[in-house]
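# Architecture and fold: a report
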Amino acid sequence: MSEYERDDRVAVLYLSKTNGTCLAHNRTVIHVEPHREHGQRVWVNMPHDAAAGSPHDFFADDGEGIWPMEDEPIEDQLPVRLAANLDWYIAAAAPGSSRLTWPSGRGHLPVRVPFTDKARALHARMAWHYLQQLRAVDPRAFEDWVAQHKAAPVPQ
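The structure contained in this document is the topic of the report that follows.

Rules used in this analysis
Residues numbered from 1 in each chain as written. Predicted model: local features only at pLDDT ≥ 70, side-chain atom pairs only at ≥ 80, totals over all residues. Heavy atoms only, no water. Pairing = 2+ DSSP bridges. Helix = DSSP H or I, 4+ residues; strand = E, 2+ residues; numbered from the N terminus. Axes fitted to C-alpha atoms, helices over the stretch in contact; angles between N-to-C directions. Left-handed = near helix turned anticlockwise from the far one by under 90°. Contact = heavy atoms within 4.5 Å. Nonpolar A, V, L, I, M, F, W, Y, C, P; charged D, E, K, R; others polar.

Right, let's get into the pairing of strand β2 (residues 20–35). Looking at chain direction, strand β1 (residues 9–16) and β2 are connected through 7 bridges and run antiparallel. Bridging across to β2, Tyr14 finds its partner in Cys22. Sheet topology note: the β2/strand β3 (residues 39–44) ladder contains 6 bridges and is antiparallel. Its bridge partner lying in β3, Pro34 is registered against Gln40. Here β2 folds back onto β3 in antiparallel fashion, the turn holding 3 residues.

Now the structure itself:
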């Protein structure tokens, strides 16, 4: 079972209002509380189309609904996770990039906090590693990723 902390990046399985069951990558842990039976209760910011709304809570031992984005070494990640992490690192490395955080907890509005120049440089190096790994592991997935981003650049 993974241990979660506020501001962790996670992937979640959720019910969409329009598309049925979906997997969302790069969601943010908003709040964590201990839970006697399940280890932790974890609140996550959800996509706009989540039927349950946002934030939504998961149990940390729910291996079918929530996963850390980087719980596996880069060499062991599947192409879909490599691409999702690559997207996040590219967006985080961009000039003026920022992240959402919930300093007052799940019942309050999020605050956008800019990344420092040092953090952006680290994110750029990580993006390069993810790019190289995706290209090496699955050249076809890499080509698809490039084609997708030529058509629609990574949002910031």
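This paragraph deals with the packing of helix α1 (residues 79–93) against helix α3 (residues 139–151). Where α1 contacts α3, the two axes come as close as 11 Å, and the packing angle between them is 40°. As α1 packs across α3, the resulting crossing turns out to be right-handed. Between α1, through Pro79, Ala83, Leu86, Asp87 and Ile90, and α3, the contact on the second element is made entirely by Ala141, Trp145 and His149. Looking at the contact of α1 with α3 residue by residue, the classes come out as 6 nonpolar, 1 polar and 1 charged.

This is a description of form; function is not addressed.
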